[in-house]
Amino acid sequence: TDSYQAWLQYRPIGAKKEEYKKWLAAIEVKEESKILESAADELKKGIQSMLGVTLDPDTYGEGRIVLGTYEQVDLKQYGISPDTFRDISDEGYLLKSVFEKEERAILLIGKTDRGALYAAFHLLRLLQKEVPIDPIAVVESPRNQFRMINQWDNMDGSIERGYSGQSIFYADNDFKEDFTRVKDYARLLASVGINAISINNVNVWDVETKLISKTFLPKVKAVSSIFSAYGIIPFLSINYASPMELGGLGTADPLSAEVEKWWKDKVAEIYEYIPDFGGFIVKADSEGRPGPFTYNRGHVEGANVLAKALKPFDGKVIWRCFVYNHLQDWRDRSTDRARAAYDHFKPLDGKFLDNVILQIKNGPMDFQVREPVSPLLGAMTQTNQMLEFQIAQEYTGQQIDVCYLIPQWKEVLDFETYTKGEGSKIKSIVDGSLHDYKYSGIAAVSNIGNDANWTGHTLAQANLYGYGRLIWNPELTTEQITKEWIHLTFGHDREVVDTVEYILLHSWKVYEKYTAPLGIGWMVNPNHHYGPNVDGYEYSKWGTYHFADRDGIGVDRTVETGTGYCSQYEEPNAKVYDSLELCPDELLLFFHHVPYTHQLKSGKTVIQHIYDTHFEGVEEVEAFIDKWNGIEGKVDKAIFENVKQRLKMQRDNAMEWRDQVNTYFYRKSGILDQQNRTIHP
Ligand code: BDP
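Here is a short report on the structure shown in this document. Just so it is clear, the structure is predicted and the values come from calculations on it, not from any experiment.

### Observations regarding the environment of Thr678
Step number 1: Relative to the helices and strands, Thr678 is located in the segment after helix H19 (637-669).
Step number 2: The spacing of Thr678 and Leu51 is 627 residues in sequence and 58 Å in space, taken between C-alpha atoms.

### Regarding the site of the ligand
Step number 1: Lining the immediate surroundings of the ligand are 13 residues, of which Glu160, Lys283, Arg320, Asp366 and Glu394 lie closest.
Step number 2: Between the ligand and Lys361 there is a distance of 2.7 Å, counted from an oxygen atom to a side-chain nitrogen or oxygen.
Step number 3: A distance of 2.6 Å separates an oxygen atom of the ligand from a polar atom in the side chain of Glu394.
Step number 4: Protein coverage of the free-state accessible area of the ligand, which is 320 Å², stands at 97%.
Step number 5: In terms of residue class, the shell around the ligand is built from 3 nonpolar, 2 polar and 8 charged.

### Re the sheet that holds strand S15 (residues 441-445)
Strand pairing in a sheet relies on backbone hydrogen bonds. The paired strands run either parallel or antiparallel.
Step number 1: Around the barrel, 8 strands lie side by side as S6-S9-S10-S11-S12-S13-S14-S15; this closed barrel has parallel pairing. Averaged over neighbouring strand pairs, the angle between their axes works out to 25 degrees when direction is ignored.

### Examining the sheet that holds strand S4 (residues 103-110)
Step number 1: Pairing in this open sheet of 5 strands is mixed, and the strands run S1-S2-S4-S3-S5 from one edge to the other. The sheet is open, and its two edges are formed by strand S1 (26-29) and strand S5 (137-140), each paired on a single side. Going across the sheet, the axis of each strand differs from the next one's by a mean of 15 degrees, ignoring polarity.
Step number 2: Two elements, S1 and strand S2 (residues 64-69), share 4 bridges in a ladder whose sense is parallel.

### Describing empty space enclosed by the protein
Step number 1: The final tally for this structure, using the stated rule, is 9 cavities of 30 Å³ or more.
Step number 2: Each pocket or cavity is described by its volume, and for the largest cavity that value is around 110 Å³.
Step number 3: If you trace the largest cavity, you find 13 residues lining it, with Cys321, Phe322, Ala341, Gly363 and Pro364 closest to the centre.
Step number 4: Counting residues per element, the ones that place at least two in the lining of the largest cavity are helix H10 (340-345) and strand S13 (356-361).
Step number 5: Broken down by class, the residue content of the lining of the largest cavity amounts to 9 nonpolar, 2 polar and 2 charged.
Step number 6: Computed from the structure, the second largest cavity encloses a volume of approximately 90 Å³.
Step number 7: Lining the second largest cavity we find Trp7, Leu8, Tyr10, Phe121, Leu124, Arg125, Gln128, Ser191, Val192, Tyr465 and Leu488.
Step number 8: With 4 residues, helix H3 (residues 113-129) is the largest single contributor of residues to the lining of the second largest cavity.
Step number 9: Its residues assigned to classes, the lining of the second largest cavity shows 8 nonpolar, 2 polar and 1 charged.

### Points about the packing of aromatic side chains
Step number 1: One pass over the structure, following the stated rule, counts 40 aromatic pairs.
Step number 2: Centroid distance Trp522 to Tyr537: 5.8 Å. Interplanar angle 85 degrees. Geometry classified as edge-to-face. One end of the pair, Trp522, is in the loop between helix H15 (494-514) and strand S16 (552-553); the other, Tyr537, is in the loop between H15 and S16, and 15 residues separate them in sequence.
Step number 3: The class for Trp522 is buried, based on a relative accessible area of 6%.
Step number 4: Residue classification places Tyr537 among the buried residues on the basis of a relative accessible area of 8%.
Step number 5: A network of ring pairs unites the aromatic residues Phe169, Tyr170, Phe175, Phe179, Phe216 and Phe227 as a single cluster.
Step number 6: Its guanidinium or amino end placed over the ring of Trp454, Arg181 lies 4.1 Å from that ring's centre, counting from NZ or CZ.
Step number 7: Above the face of the Tyr502 ring, Lys627 is positioned so that its terminal group lies 4.3 Å from the ring centre.

Calculation criteria
Residues numbered from 1 in each chain as written. Predicted model: local features only at pLDDT ≥ 70, side-chain atom pairs only at ≥ 80, totals over all residues. Heavy atoms only, no water. Helix = DSSP H or I, 4+ residues; strand = E, 2+ residues; numbered from the N terminus. Near = heavy atom within 4 Å. Polar contact = N/O pair within 3.5 Å; in protein donor to acceptor, adjacent residues only side chain to side chain. Areas by Shrake-Rupley, 256 points an atom, 1.4 Å probe, with all protein chains shown as cover. Nonpolar A, V, L, I, M, F, W, Y, C, P; charged D, E, K, R; others polar. Pairing = 2+ DSSP bridges. Axes fitted to C-alpha atoms, helices over the stretch in contact; angles between N-to-C directions. 1 Å grid on protein atoms, 1.4 Å probe; cavity = no way out; pocket = protein on both sides within 12 Å on 5 of 7 lines; lining within 4 Å. Points joined across faces, edges and corners; volume = space filled by probe spheres on them. Phe/Tyr/Trp six-rings, centres within 6.5 Å; stacked < 30°, edge-to-face > 60°. Buried < 20%, exposed > 50% of the residue type's maximum accessible area, 1.4 Å probe, protein only. Lys NZ or Arg CZ within 6 Å of the ring centre and 35° of its normal.

In structure tokens:
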């Protein structure tokens, strides 16, 4: 295994080799397009490496791949009805083996060339997993429309919340010279179905503001064309103050006629360079970034002026809803950051133009290890919405600690919002079906950098892989996705598969155990957000409090006595969260302030739960270490060492969390551990 190749190892096939070879001798590409060229290249590369076969482009002999779109392939010849393609999306495909008149063919037929590309990656996956391909007949379409990645890369080469080196796009306030890695990144993303990417940080500083100017547009175009060849639409994050900073205007007021014209001209200029440009992603009036509020305008005016400019080119505005007051007064207990997104945006439903999409983080706070699902998701029936996840492990161990996030994302997607009664799950909101959104989908903050293995911790590759697979088809189970990634990355050794699977599947819960308890979140070191700091944010302005005192802990978000946040949910969720009896344990302290002696559904008191989980968390990390050491010699040496070293760092981190959190709560409460373990030496 070469960790750079990630899940596209294309390692030589064992027992099935001869059988596969019968099917895979030649390739017939039915038409010319950049995307089909990428697909054909990938097939040639993969099949050469797995089977030692050079796919012949000319012979129509025994065993060939037929690659193309349904309009170009002669469907009749293979007995396929065109109806097969009627009900699938533009990105869907048919993957089928046919054996007729002594001739074998593998059909990779997309509704469009993008579908054919996905079919090619599907076939390569099947081969690497060494499963039978005869017979096979699969028709697939992605469930979500936008399947997006947000890079938080800055042009000085740093990455905001990056934990795997520097940017693969930029260095020294410019684009890099060599785009080899960008192309390999495009391959990785396309292989799991990603179809859109924004290539700069949502916080747009001085240099990045110029990405939409002549200074950088030629290079944006170069990078864009690499992604386009893999079916990935390029987006840029923009600075809301661009009309002033780039255009020299005296204002960025969205209702000013000169500002409107400036955006119109700017967008037209961008499309001259990049005809398939996707549009803008905008973080406005958030954490100090400029926005329409300066001019006494709101999000609607702010987004719509951009939408109008983009409309003629079919471009989109992705407007982020991560908007809250980051200068709160911690003495004022009536303010609640969790309420902010809903309070800001819900009243604006129906007022945005139809090429605006609101991008909403999965939780109301900020990517904590445990949060309730944002009540804004699904609450706007007349406004396109998109969900935002964070693959980068900002609050979940920074790719030092292992934390596999697929189980968390699955819980989010399966969450029942009841916005239209039963059957209103998040997954049917973001796939557009529930409210019939014109545009919708899922975006996530990338976790890659220029580290040799892309993600720092090799096991963190699973989060990127899993993200793509899960949003392609939210019905896939965590186990299916996990197994698939392990087989593609590490091969088929039983012990290796079981060990990696064990670690991944337990990792999220383990991380939750040794960090902040019961949904309260935070308690991290301010700024960089790694490691414990029990009161790190408690008396600051960010609105992320836990309110621990000698009597108890938790944020009262109930309707009667608290911030009223609970009422942003539909019934029965509102009632469940509002009730001390019904609220699920794992979110108890997110919604309620309780005494340390409060009894959980599990039967334990809050304080004993804190002690127990913190001792267990460390023990479980130690079990990870033992298990991992057990497969030494069975995985690539560099990968073995990489994971081994990070597991050690994780243990140190877990111990620090355990000791600080347990000591803190012992000192606050004065209540002893029932098992008399040493809380602090
Ligand atoms: C927070 C990050 C910050 C981002 C912000 C955002 O700490 O670096 O800029 O989210 O999403 O999680 O805009």
